[in-house]
Amino acid sequence: GALVAQRAHIPYRDSKLTRLLQDSLQGQSQTVMCICISPIRSALEETLSSLKFADRATKVVVDVPQSISPDAAPASQHVEELLVQVQRLQQDLYLE
């Protein structure tokens, strides 16, 4: 599929399962997949289809964009720095 081949455009099929997984397959979250298989001979085709889908899904590699670099300070430290800057700017306004 397009995800395994790492194509830029991922054509989502018109299936309920693919629609449910659409956000997860875009790399914005982690996904856990449970498939239901059956030992009944009449369910063999469905079981094989589910196993093949799960196998393909495990091969998907999604490049997740980093919104914050790993070297960046923790968010709480950044917020503190911004608060100090706001206080400094407010004091500058009052002095003028």
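Conventions and cut-offs
Residues numbered from 1 in each chain as written. Predicted model: local features only at pLDDT ≥ 70, side-chain atom pairs only at ≥ 80, totals over all residues. Heavy atoms only, no water. Helix = DSSP H or I, 4+ residues; strand = E, 2+ residues; numbered from the N terminus. Buried < 20%, exposed > 50% of the residue type's maximum accessible area, 1.4 Å probe, protein only. Contact = heavy atoms within 4.5 Å. Salt bridge = Lys/Arg side-chain N within 4 Å of Asp/Glu carboxyl O. pLDDT = per-residue confidence, 0-100. Disulfide = S-S within 2.5 Å. Patch = residues over 30% accessible without salt bridge, like charges linked within 9 Å, V, L, I, M, F, W, Y side chains within 5 Å. Areas by Shrake-Rupley, 256 points an atom, 1.4 Å probe, with all protein chains shown as cover.

## Observations concerning the overall build of the chain
In step 1: Along the backbone of the chain there are 3 helices and 0 strands.
In step 2: Helices and strands in the chain line up, N terminus first, as α-α-α.
In step 3: Residue burial in the chain is summarised as follows: out of 96 residues, 12% are buried.
In step 4: The contacts in the chain between residues at least 6 apart in sequence include a share of 37% that link residues at least 24 apart.

## Considerations on the pattern of salt bridges
In step 1: One pass over the structure, following the stated rule, counts 1 salt bridge.
In step 2: Across the pair aspartate 55 and lysine 59 runs a salt bridge whose closest N-O atoms are separated by 3.3 Å.
In step 3: Using a relative accessible area of 46% as the deciding quantity, one classes lysine 59 as partly exposed.

## Comments concerning the confidence of the model for the chain
In step 1: Residues of the chain with pLDDT of at least 70 account for 66%, and the chain-wide mean is 76.
In step 2: The weakest mean pLDDT in the chain belongs to helix 1 (residues 16–25) at 72; the strongest belongs to helix 2 (residues 44–58) at 89.

## Concerning the side chain of serine 50
In step 1: Along the chain, serine 50 falls in helix 2.
In step 2: According to the relative accessible area criterion, serine 50 is buried, its value standing at 17%.
In step 3: With near-sequence residues (within four places) excluded, serine 50 lies in contact with Ile35 and Cys36.

## Brief notes about the state of the cysteines
In step 1: Inspection of the entire model under this criterion finds 0 disulfides.
In step 2: Cysteine cysteine 34 shares no disulfide, and the gap to the nearest cysteine sulfur, in cysteine 36, comes to 10.0 Å.
In step 3: Residue classification places cysteine 34 among the exposed residues on the basis of a relative accessible area of 73%.
In step 4: By relative accessible area, cysteine 36 is classed as exposed at 67%.

## Focus on the environment of valine 32
In step 1: Secondary-structure assignment places valine 32 in the loop between helix 1 and helix 2.
In step 2: Taking C-alpha positions, valine 32 is 10.0 Å from leucine 21, a pair spaced 11 residues apart along the chain.

## Section: a nonpolar patch on the surface
In step 1: There is a patch of nonpolar side chains on the surface, built from Met33, Ile35, Ile37, Leu44, Leu48 and Leu51 and spanning about 490 Å² of accessible area.
In step 2: The residue methionine 33 is located in the loop between helix 1 and helix 2 in this model.

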